[in-house]
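Observations on chain architecture
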Amino acid sequence: MKQRRPWQRVLYRDQGYADDYVDPDYFLSGLVTNAHFKRYDYWQVVRQSAVVSQQVSAVGVFVAVYVNLVANVVSARALFAADAVLLLMGCLIVVLATNPSRLAHLEQLLESARPLAILFAALFALSPMLATLTASFSSDTIYSTSTLLVILHLYTHNYCDSKEKPAPAPVAVGGESEEAGSCVSPVSLYAITFASLLLASRLPTPLHVFDLVSYTMLLFALFPFMKKTLKNPAKDNRRQLFVSVLLCCVTTGMWFSLSRAVACVYLGTVAFITFGCPFWLIHIQKDKYELNGPWDEAKPSCAQNN
């Protein structure tokens, strides 16, 4: 009986073996377990979860402002003044942080103010129409749809921009710059804006509508852009934690005066996101078991030699 040659891993030669044959001694010789395993540090994950808790707190502030407007705890004029102060402070901070020249400060501020003025002027002109936009719909429909839109906003929000470089210059919402659009997810922004329009239609006057929608644009469109512009990799973790604690305190204070039960639920949610979810991730990491070997599909490399 003629003895067959030892099997070799070649395709261009007929060795007398089946096409799917693999030598038993060779099959597991290239086995690699957890080749791409990355062990996370608990406190590092806690710091990175601050982005999520910030967005939950921002939504909490937004809902608290709406409830205060409906209950007439906060007047429309007071919110209008707060919107104007926040807008001015945000523009000044961004301009001062991105341009060292004093003359360029004024030019850049005026350049950024034009599209913002057009945006808010158009919004003010449309406020009477927006106040009666959903008059034929029931309040239950408005509130349930708004809840779904807020959940969609949180689900589609861009939580992964911490590694991006700071934007070189401030650009108003609706501008043509790619840097401005990359810091906010379009679907997330559209969802929360539509939710604010639906909720605003239940407010008593057009001024209330203008105030709420303007506050929404400041909180969910301009504030993320300001954070992206001021991003500093060396101090980013501290700033994220500071903003998270500040928003958490503001949200808790606003809800504590309205409903202590809601305030406790909010604090429990933030605590679970900040401390519970990282602990859960670290705990389930020990069950991760990835197998790699010669049976894997080939992955072409597109690297170019310089």
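Thresholds applied
- Residues numbered from 1 in each chain as written.
- Predicted model: local features only at pLDDT ≥ 70, side-chain atom pairs only at ≥ 80, totals over all residues.
- Heavy atoms only, no water.
- Helix = DSSP H or I, 4+ residues; strand = E, 2+ residues; numbered from the N terminus.
- Buried < 20%, exposed > 50% of the residue type's maximum accessible area, 1.4 Å probe, protein only.
- Contact = heavy atoms within 4.5 Å.
- Areas by Shrake-Rupley, 256 points an atom, 1.4 Å probe, with all protein chains shown as cover.
- Phe/Tyr/Trp six-rings, centres within 6.5 Å; stacked < 30°, edge-to-face > 60°.
- Core = buried A, V, L, I, M, F, W, Y, C linked by side-chain atoms within 4.5 Å.
- Polar contact = N/O pair within 3.5 Å; in protein donor to acceptor, adjacent residues only side chain to side chain.
- pLDDT = per-residue confidence, 0-100.
- Axes fitted to C-alpha atoms, helices over the stretch in contact; angles between N-to-C directions.
- Parallel < 35°, antiparallel > 145°, perpendicular 65-115°, else oblique.
- Left-handed = near helix turned anticlockwise from the far one by under 90°.
- Expected span 1.5 Å × (residues − 1).
- Arc of directions from axis to C-beta.

With that settled, the discussion passes to the overall build of the chain. What the chain contains, in helices and strands, is eleven helices and two strands. For the chain, the sequential pattern of α-helices and β-strands runs α-β-α-α-α-α-α-α-α-α-α-α-β. A burial count over the chain gives 36% of its 306 residues as buried. When contacts within the chain are restricted to residue pairs at least 6 apart in sequence, long-range pairs at least 24 apart make up 79% of them. Here the chain displays about 19700 Å² of accessible surface, and carbon together with sulfur accounts for 64% of that area.

This next bit is on the packing of aromatic side chains. Per the stated rule, a full pass over the model turns up four aromatic pairs. Their ring planes at 75° and their centres at 5.1 Å tell us that Tyr42 and Trp43 sit as a pair that is edge-to-face. Exposure remark for Tyr42: the relative accessible area of 22% places this residue in the partly exposed category. For Trp43, a relative accessible area of 52% translates into the label exposed. Aromatic side chains Phe62 and Phe220 sit 5.9 Å apart centroid to centroid with 80° between the ring planes, which places their arrangement in the edge-to-face category. Of this pair, Phe62 sits in helix α3 (residues 50–70) while Phe220 sits in helix α9 (residues 206–229), and the two are 158 residues apart along the sequence. An identical accessibility class is assigned to Phe62 and Phe220; each is buried. Counting every residue linked through ring pairs, the aromatic cluster contains Phe80, Phe124 and Phe210.

Looking now at the nonpolar core. Among the nonpolar cores identified, the biggest contains 41 residues, and Phe62, Val65, Leu203, Val209, Leu212 and Phe220 are the most heavily contacted of them. Of all the elements in the fold, those that place two or more residues in this core are α3, α4 (76–98), α5 (102–131), α6 (139–156), α8 (186–200), α9 and α10 (236–258). Among the elements that line this core, the one with the most residues is α9, at eleven residues. The contacts of Val65, once residues within four sequence positions are left out, are Leu79, Leu212, Tyr215 and Met254. Counting residues in each nonpolar core, the second largest holds five residues, with Val56, Cys248, Tyr266 and Ile273 among its members.

For the rest of this paragraph, the subject is the environment of Gln55. Within the secondary structure, Gln55 is located in helix α3. Classification of Gln55 as buried rests on a relative accessible area of 7%. Each C-alpha atom, one on Gln55 and one on Phe220, is 8.8 Å from the other, the two residues being 165 residues apart in sequence. Every residue in contact with Gln55, bar those within four places of it in the chain, is listed here: His153, Leu154, His157, Tyr159 and Phe220. A polar contact is formed between the side chain of Gln55 and the side chain of His157, at a distance of 3.2 Å.

Before going further, it helps to examine unusual backbone geometry. The residue Asn72 is not glycine, and still its phi comes out positive at about 60°. You can see Asn72 is positioned in the loop between α3 and α4. Residue Asn72 is classed as exposed on the basis of its relative accessible area, which comes to 58%.

With respect to the helices, strands and loops of the structure, Trp280 is situated in helix α11 (residues 260–284). The spatial distance from the C-alpha of Trp280 to the C-alpha of Tyr42 is 9.7 Å, given a sequence separation of 238 residues.

On average, the chain scores 77 in pLDDT, and the residues at 70 or more come to 77%. Within the chain, α6 carries the highest mean pLDDT (92), whereas helix α7 (residues 178–182) carries the lowest (43). When the criterion is pLDDT under 50, residues 162–181 qualifies, and its contacts beyond four places in sequence or with other chains add up to 35 contacts.

A few words on the packing of α3 against α6. Where α3 meets α6, the axes come as close as 10 Å, and the angle between the chain directions of the two elements is 155°. One way to sum up the angle between α3 and α6 is to call them roughly antiparallel. Handedness of the crossing formed by α3 with α6: right-handed. Of the residues in α6, those in contact with Gln55, Val56, Val59 and Tyr66 of α3 are Tyr143, Val150, His153 and Leu154.

Take α8 next. Taking 1.5 Å of rise per residue, the 15 residues of α8 would be expected to cover 21 Å, and the 21 Å separating its terminal C-alpha atoms lies within 8% of that figure. All buried positions along α8 are accounted for by Ser188, Leu189, Ala191, Ile192, Thr193, Ala195, Ser196, Leu198, Leu199 and Ala200.

Attention now moves to α6. An ideal rise of 1.5 Å per residue puts 26 Å on 18 residues; α6 measures up with 26 Å between its terminal C-alpha atoms. The complete set of buried residues in α6 reads Ile142, Ser146, Leu149, Val150, His153 and Thr156. With its buried residues spanning 140° around the axis, α6 presents them on a single face. Summarising the geometry of α6, the exposed residues directed more than 90 degrees from the buried face are Asp140, Leu148, Ile151 and Tyr155.

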